[in-house]
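The residues making up each chain are set out below.
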Amino acid sequence: MLVSWNTTNQCNLYCQHCYRDAGIRAQDELNTEEAINLIDEIAKAGFKIMIFSGGEPLMRQDIYQLITHAAQTGLRPVLGTNGTLITPEVARKLKAAGLMAVGISLDSTDAAGHDKFRAVPGCWEQAVAGMRACRQIDLPFQIHTTVMEWNYDEVETLTDFAVAEGARGHHVFFLVPTGRAVDIEEESLRACQYESLIKRLMQKQQEVDIEVKPTCAPQFMRIAEQMGLNLRFTRGCLAGISYCIINPVGDVQPCAYLEVPVGNVRNTPFSEIWEQNEVFDKLRSLDYQGGCGSCGYKKVCGGCRARAYYYHNDYMAEEPWCLYHGRKGY
């Protein structure tokens, strides 16, 4: 079980696809005391991994204190960052605080392409410098790539780059239209490209020693099984089942891209929201509609619930970008 907390809406970049529409700090973000209580509640609810994300989490002044507290509660704290603020000193402080791993965003091996997508010149070089600062002190890191039309053909090259830089993994995120990404929805992958890229990534996984994982593309579990691959994962879409997020002001959602608030930790303890909320109960029922409901892989895949919600206004509806839906059995 893992949980992601968007620690702040503040960010030093202005990425085209940002689901948080991050930039300026949100009014009334959780303060340090509230954040510590949230971490305690997350541990109480039985979660094992806590992702500190944003915005840009390194823009929170208390981030080291909060990471330390998470580690002390028995959680495995990890960081989701654009990497531009990770200097050698910051890397040392993160490791000393108890951070276990870092996910750093990199969308191209071409600096100009990455910088354009993230709207700040020089951010590619800063992100790569952040990776190297982590590697220098043996702080594990992985590369996160958001794939769209413009970088579709270079994903495996980025995997090779990750291997060369000493990353532990390459996680490839398939665009879900939320936040600013709504404005570039037409650039997201459609069914044939979607399926083809997952197959390419599963093939690449057999060629490299690091972990290659499609994210927000739960069909990778079906495809891996069809290809005879034995992965460490047990399910594709985890939203509301073994994963959820908390936004900067304390609203809980099933996932970052499924904008269905189910409660606020200022009003209801997080552990209670997780255990008793009706939206989570519905997601856990696996009572999907359309092809997802009749699919023999629904227990290991589940379809992207956020993508179903965007296109059908129903998070239990059929995943729209799946070539396989509608078939029964294996």
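It should be noted that the structure appears before, not after, this text.
Residues numbered from 1 in each chain as written. Predicted model: local features only at pLDDT ≥ 70, side-chain atom pairs only at ≥ 80, totals over all residues. Heavy atoms only, no water.

A. Focus on the overall build of the protein chain. The number of helices and strands found in the protein chain is 12 helices and 10 strands. Since a compact globule built from 330 residues should have a radius of gyration of about 20 Å, the 19 Å found for the protein chain is in line with a globular shape. In terms of its C-alpha atoms, the protein chain occupies a principal-axis envelope of roughly 55 × 45 × 35 Å. Taking all 330 residues of the protein chain together, the buried fraction comes to 59%. In the protein chain, 70% of the contacts between residues at least 6 apart in sequence involve partners at least 24 apart. (Helix = DSSP H or I, 4+ residues; strand = E, 2+ residues; numbered from the N terminus. Rg over C-alpha atoms; globule rule 2.2 N^0.38 Å. Buried < 20%, exposed > 50% of the residue type's maximum accessible area, 1.4 Å probe, protein only. Contact = heavy atoms within 4.5 Å.)

B. Layout of the packing of helix α5 (residues 123-136) against helix α6 (residues 155-165). α6 packs onto α5 with a crossing angle of 40 degrees between their chain directions and a minimal axis gap of 11 Å. The angle between α5 and α6 falls in the class oblique. Contact residues: α5 offers Trp124, Val128, Met131, Arg132 and Arg135, while α6 offers Phe161, Ala164 and Glu165. Along the lines of polarity and charge, the residues of the contact of α5 with α6 split into 5 nonpolar, no polar and 3 charged. (Axes fitted to C-alpha atoms, helices over the stretch in contact; angles between N-to-C directions. Parallel < 35°, antiparallel > 145°, perpendicular 65-115°, else oblique. Nonpolar A, V, L, I, M, F, W, Y, C, P; charged D, E, K, R; others polar.)

C. Layout of the packing of aromatic side chains. Evaluation of the coordinates by the stated rule reveals 12 aromatic pairs. The rings of Phe47, Phe270, Trp274 and Phe280 are connected pair by pair, giving a single aromatic cluster. The side chain of Arg200 reaches across the aromatic face of Tyr152, ending 4.7 Å from its centre. Directly above the ring of Tyr288 sits Arg305, whose terminal nitrogen or CZ lies 4.3 Å from the centroid. (Phe/Tyr/Trp six-rings, centres within 6.5 Å; stacked < 30°, edge-to-face > 60°. Lys NZ or Arg CZ within 6 Å of the ring centre and 35° of its normal.)

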